[in-house]
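# Close look at the chain arrangement
Given next are the chains, with one letter for each unit.
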Amino acid sequence: MTDIISFADRVALVTGAAGNIGRAVVRMLAGHGVKVAATDFDRAKTEAVLAGVVGAGGVVRCYGADVTDRAQVESLYRAVMADFGKVDILINNAGVWENRDVIGCKRFETVKPEEWRRIFAINVGGVMNFSQVFLPQMATRGYGRIINLGSIAGEVGKPGYLDYSGAKAAVIRITQVMAMENAKRGITVNSVSPGMVAAGPVKKTTGTWIGREGTADEMARAIFFFAADESGFITGADLPVDGGRILGPHGDDM
Ligand SMILES: NC(=O)c1ccc[n+]([C@@H]2O[C@H](COP(=O)([O-])OP(=O)(O)OC[C@H]3O[C@@H](n4cnc5c(N)ncnc54)[C@H](O)[C@@H]3O)[C@@H](O)[C@H]2O)c1
């Protein structure tokens, strides 16, 4: 019987690695023998956040680059290739949103150009920059796994989040196009779309059918699944990991 999940001498690159979901992904991959290049804005911060992972025996090297800056991504590419020689698994996890649940809903006509440009530059531009720079060496070797972080706000529109919903919808559609264009080159491209992830203790909520927030580890497990060798017949898929939130209405109202 073959293993359900295996990583034969694989190297992964994780963006947004110092964040909530990113560090869970790094920990999970490194714990299963994957060599990990972990990158975020700030290399020193990423090293501090991931110190426990490296200490636990995983092979993790930290880097710093702004995902919106193509020159920085190309320089990072040279550093990662010098250290590891290849990247088999690319996890485009870096992303931002404005927390408008706290500051109040913002109608689409009031979103300033610099606000939506920034959200698109990071969420969409980051996926574009890293995929365009790291995909060709996957194509040359005929193997690759790319996992993009979408959001359930990209699957259906979320009022007050014109920029974030629009950007994450773009990520999910870009995922499909990349999947089709690269399917014959041994590269799969899928997206994982979280909803309501706890940044601290998990809170109960009527916002999901399961009745609580999700955890970063639960997001990481879905990413981990798409990253494995054995998921090679799945491409262009978007997987909501959201406790059923996307199914709305929620809670006890049925
Ligand atoms: N947390 C949620 O509820 C949720 C829901 C849906 C989707 N997502 C998506 O999941 C992904 C991870 O989210 P998270 O909850 O871990 O967020 P987080 O804020 O904890 O982590 C995001 C990381 O991305 C990094 N980053 C942001 N802009 C960057 C840039 N320009 N260059 C380099 N690094 C940059 C940040 O420094 C941070 O460490 C994001 O793409 C997010 O949109 C999260």
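Predicted, not measured: the structure shown is a model, and the values here were computed from it. Think of each chain on its own: its residues are numbered from 1, step by step along the sequence as written. A pLDDT threshold of at least 70 governs which residues receive local features in this predicted model, and a stricter bar of 80 or more applies before side-chain atom pairs are shown or counted, although totals over entire chains, interfaces and linings include all residues.

### Section: helix H8 (residues 162-182)
The helix count covers DSSP runs of H or I at least four residues long, the strand count covers runs of E at least two residues long, and both are numbered beginning at the N terminus. Here the expected length of a helix is defined as 1.5 Å per residue gap, with one fewer gap than residues. With 21 residues, H8 extends 30 Å from end C-alpha to end C-alpha; this agrees with the ideal 30 Å at 1.5 Å per step. Three exposure classes are used. Buried residues have 20 or more other C-beta atoms within 10 Å of their own C-beta, exposed residues have 12 or fewer, and partly exposed residues fall in between, all C-beta atoms being placed from the backbone. Restricting attention to buried positions, one finds in H8 the residues Leu162, Asp163, Tyr164, Ser165, Ala167, Lys168, Val171, Thr175, Met178 and Asn182. By the criterion used throughout, residues are in contact when their C-beta atoms, derived from the backbone, lie within 7 Å. On its buried face, H8 is in contact with helix H6 (113-141), strand E5 (144-149), helix H7 (152-155), strand E6 (187-194) and strand E7 (238-241).

### Brief notes about unusual backbone geometry
Positive phi is not limited to glycine here, since Met196 has a value of about 50°. Looking at where Met196 falls in the secondary structure, it is placed in the loop between E6 and helix H9 (216-227). Given 18 C-beta atoms within 10 Å, Met196 falls into the partly exposed group.

### A short note on the pairing of strand E1 (residues 11-15)
Of all 5 residues in E1, 5 are buried; the element is thus mostly enclosed. A two-sided burial pattern is seen for E1, the buried positions comprising Val11, Leu13 and Thr15 on one face and Ala12 and Val14 on the other. Orienting the strands away from the viewer, one traces the path from the first strand over the helix to the second; a clockwise path indicates a right-handed crossover. In this region the chain leaves E1, passes through helix H1 (residues 20-31) and returns to the parallel neighbour strand E2 (residues 35-40); the handedness of that crossover is right-handed. Paired strands are those between which DSSP finds at least two bridges. As defined by bridge partners, E1 adjoins strand E4 (residues 89-92) across 3 bridges and the pair is classed as parallel. When the bridges of E4 are listed, Leu13 appears paired with Leu90.

### A short note on the environment of Phe84
Within the element layout of this structure, Phe84 appears in helix H4 (residues 70-84). Separated by 100 residues in sequence, Phe84 and Lys184 place their C-alpha atoms 25 Å apart. Ignoring anything within four residues of it in the chain, the contact list for Phe84 reads Val11, Lys35 and Ala37.

### A closer look at the sheet that holds E6
Spatially, the 7 strands line up as an open sheet ordered E3-E2-E1-E4-E5-E6-E7, and their pairing is parallel. Bordering the open sheet on either side are strand E3 (60-64) and E7, each of which pairs with just one other strand. Adjacent strand axes in the sheet meet at a mean angle of 20° when their direction is disregarded. In this sheet, E3 lies alongside E2 in parallel orientation, the contact comprising 5 bridges. Here the axes come from fitting lines to C-alpha atoms, over the contacting stretch only for helices, and the angles between their N-to-C directions go from 0 to 180 degrees.

### A few points about the nonpolar core
Core analysis: the biggest nonpolar cluster contains 62 residues, and Ala12, Val25, Val26, Leu29, Val36 and Ile223 have the highest contact counts within it. Filtering out sequence-adjacent residues up to four positions away, Leu29 remains in contact with Ala12, Val34, Val36, Phe224 and Ala227. For our purposes the nonpolar core covers buried Ala, Val, Leu, Ile, Met, Phe, Trp, Tyr and Cys residues that link as a set through C-beta atoms within 7 Å.

### Description of H1
Taking 1.5 Å per residue as the helical rise, H1 with its 12 residues ought to reach 16 Å, and the 17 Å between its terminal C-alpha atoms agrees with that figure. With 10 of 12 residues buried, H1 lies mostly within the body of the structure. Within the sequence span of H1, burial applies to Ile21, Gly22, Arg23, Ala24, Val25, Val26, Arg27, Met28, Leu29 and Ala30.

### As for the site of the ligand
Near the ligand lie 23 residues; those nearest to it are Gly16, Gly19, Ile21, Gly95 and Ser151. The biggest single contributor to the shell around the ligand is H1, with 3 residues. Residues are grouped as follows: Ala, Val, Leu, Ile, Met, Phe, Trp, Tyr, Cys and Pro are nonpolar; Asp, Glu, Lys and Arg are charged; every other residue, Gly included, is polar. Looking at the shell around the ligand residue by residue, the class counts come to 12 nonpolar, 9 polar and 2 charged. In this analysis, residues qualify as near a molecule or strand once their C-beta atom, positioned from backbone atoms, comes within 6 Å of it.

### Structural notes on the environment of Ala169
Checked against the element boundaries, Ala169 lands in helix H8. The spacing of Ala169 and Gly157 is 12 residues in sequence and 8.6 Å in space, taken between C-alpha atoms.

### Observations concerning the pairing of E7
Examined bridge by bridge, E6 and E7 share 4 bridges and lie parallel to one another. Its bridge partner lying in E7, Pro194 is registered against Val241. The parallel pair E6 and E7, bridged by H9, forms a crossover whose chirality is left-handed.

### So, the packing of H6 against H8
One can describe the packing of H6 onto H8 by two numbers: an axis separation of 8 Å at closest approach and a directional angle of 15°. With respect to H8, the element H6 is oriented roughly parallel. Crossing handedness for the pair H6 and H8: right-handed. Within the contact between the two elements, H6 uses Glu115, Trp116, Ile119, Phe120, Asn123, Val124, Val127, Ser131 and Ala139 and H8 uses Leu162, Asp163, Tyr164, Ala167, Lys168, Ala170, Val171, Ile174, Met178 and Asn182. Along the lines of polarity and charge, the residues of the contact of H6 with H8 split into 13 nonpolar, 3 polar and 3 charged. The cut-offs work like this: below 35 degrees is roughly parallel, past 145 is roughly antiparallel, 65 to 115 is roughly perpendicular, and the gaps in between are oblique. Here a crossing is taken to be left-handed if its near helix is turned anticlockwise relative to the far helix by less than a right angle, and right-handed if that turn runs clockwise.

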